[in-house]
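These are the residues of each chain, in order.
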Amino acid sequence: MLFSYSARDEKGKLVTGKIRASSRETAISLLLQRGYYILSLTELERKSIFERILEFFQRVGKKDLLIFWRQFSTLLSAGVPIDRSLKALYRQTKNPNLKKALSEIISDVEEGLSLSNAFAKHPYIFSDFFIQLLKAAEISGRVEQTVDYIASFLEKEVSFSKKIFHALIYPAVVILIFIGVVVLITVFVFPQLSDFFQESQVKLPWITRFFLSLGQFLTSWGLIVVIFLILLGVALINYFRTQEGKILWSELQLKLPFFGELFKKIAIVRFAKGVAILLKGGISLPTAIEMGGKITANAVFKETAFEIAEGVRRGENFSNLIASHSDLFGEIVSAMVAVGEETGKIDELLEKVAQYFQEDIDSRLAILSELIQPIIIIILGIFVGTLIGAILWPLYSLILSI
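The shown structure was predicted, so the numbers you read here are calculated from the model rather than taken from an experiment. (Residues numbered from 1 in each chain as written. Predicted model: local features only at pLDDT ≥ 70, side-chain atom pairs only at ≥ 80, totals over all residues. Heavy atoms only, no water.)

Draft legend 1. Region of the structure containing the overall build of the protein chain. Check the secondary structure of the protein chain and you find 16 helices and 3 strands. Over its C-alpha atoms the protein chain spans a radius of gyration of 28 Å, topping by over 25% the 21 Å that the globule rule assigns to 402 residues. Within the protein chain, the proportion of its 402 residues that are buried is 39%. Contacts in the protein chain between residues at least 24 apart in sequence constitute 61% of all its contacts with a sequence separation of at least 6. With the model as given, the accessible surface of the protein chain reaches about 22800 Å², and the carbon-plus-sulfur share is 62%. Computed over 43 positive and 40 negative side-chain charges, the separation of the two mean positions in the protein chain equals 4 Å. (Helix = DSSP H or I, 4+ residues; strand = E, 2+ residues; numbered from the N terminus. Rg over C-alpha atoms; globule rule 2.2 N^0.38 Å. Buried < 20%, exposed > 50% of the residue type's maximum accessible area, 1.4 Å probe, protein only. Contact = heavy atoms within 4.5 Å. Areas by Shrake-Rupley, 256 points an atom, 1.4 Å probe, with all protein chains shown as cover. Lys, Arg positive; Asp, Glu negative; His and termini not counted. Charge placed at Lys NZ, Arg CZ, Asp CG, Glu CD.)

Draft legend 2. Fine view of the environment of S369. Among the structural elements, S369 can be located in helix 16 (residues 346–401). For the pair S369 and V147, spaced 222 residues apart in the sequence, the C-alpha separation amounts to 34 Å.

Draft legend 3. The arrangement of the environment of G61 in detail. One can find G61 in the loop between helix 2 (49–58) and helix 3 (62–77). Note on G61: relative accessible area 38%, which makes it partly exposed. Sequence spacing of G61 and N95 is 34 residues, and the spatial spacing of their C-alpha atoms is 9.2 Å.

Draft legend 4. A look at the packing of aromatic side chains. Counted by the stated rule, this structure contains 15 aromatic pairs. With centroids separated by 5.9 Å and ring planes inclined at 55°, the aromatic side chains of F68 and F126 adopt a geometry described as tilted. Of the two residues, F68 sits in helix 3 while F126 sits in the loop between helix 6 (115–120) and helix 7 (128–140), which places them 58 residues apart along the sequence. There is no split in this pair, since F68 and F126 are both buried. Joined through ring pairs, the aromatic side chains of F68, W69, F72, F119, F126 and F130 make up one cluster. Stacked on the ring of Y90, the Lys or Arg K99 has its end atom at 4.4 Å from the ring centre. (Phe/Tyr/Trp six-rings, centres within 6.5 Å; stacked < 30°, edge-to-face > 60°. Lys NZ or Arg CZ within 6 Å of the ring centre and 35° of its normal.)

Here it is in structure tokens:
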């Protein structure tokens with residue numbers, strides 16, 4: 001993304017120019033690092049639909065990335081040089097997008113470009129989080145340990161994602177099947193019964209009349225309804241890609257009953273883990289906080305993390321800033337961070353925070369997995385009973401009237 005900016009430098013001189021960054025927050029961070037006081041920042045180019053589609057197909061799944069980073073870590077720990085390790089990984093990689101990126105990275109590294117800058121040229125595959133870690137690793141000479149950190153982080157993320165997927169896939173499939181069955185019965189069964197009920201002149205209950213009307217509506221306007229839903233879906237997806245939409249969607253997630261608290265704790269775990277790993281990798285605290293906010297995948301946490309990072313740059317205490325957002329982080333996080341500030345071990349205390357909330361999430365997911373199946377069976381049983389009742393009720397009344 002390209003931004004136009006106007007700012008004042010440390011001497012108060014007006015400075016204008018353009019800067020390219022992956023996001024608005026990153027652009028602000030880069031300008032602040034130059035010592036600029038930002039007056040305005042305007043986005044000059046927006047991604048077209050074609051670019052967004054292309055970006056989507058250029059992505060690489062977490063599983064492939066996990067395999068790559070773990071193999072990279074193993075090769076480096078065995079003493080294989082970086083360039084030879086990358087070439088070996090290129091030969092083994094089957095993912096076409098990753099293979100193409102590795103080919104370009106190898107060429108860049110051989111031409112003298114640093115490893116972090118070579119990876120940074122492929123933002124659709126390697127996130128800012130990994131790039132920042134690699135930059136710090138190159139300065140401190142801890143590339144091998146940092147690559148191992150990244151691999152371990154991805155292993156936990158993949159494992160965590162699987163737990164959430166397994167907890168939600170069953171109800172999602174059952175609900176989709178139920179919706180399909182309801183549509184089939186409403187469209188194909190009820191219209192055929194309509195003539196029979198009219199000829200019998202039996203008094204129809206309201207639930208039967210509702211399904212008959214619904215069936216007639218879907219038969220006449222079904223195609224238009226499908227087209228409308230598709231267009232509505234596209235419009236909503238485009239809206240939720242905007243900054244305002246992302247914040248609204250994140251706020252809705254956090255306000256959901258039961259699931260809202262789960263989403264909040266998932267974001268805290270990712271934030272705490274991310275900041276801890278970045279601090280261990282030698283990244284400054286403000287930058288680590290910003291990166292930690294980004295990997296939460298929640299716009300509310302991302303914006304809050306950016307505000308906290310700015311406060312830390314101004315000299316405010318990290319723990320006090322966390323405490324001022326207790327609605328998101330709660331009291332435990334600020335208390336643990338305060339202890340970390342006193343002992344000089346913020347990274348270790350954040351790891352404990354992540355472990356504490358991870359255990360709580362695992363417990364909630366276990367409860368969810370146990371309860372969700374019987375709850376869904378009961379709810380679907382009520383709906384199916386209602387649907388069958390709408391058919392049998394008038395038939396029973398007809399039998400009694402004979």
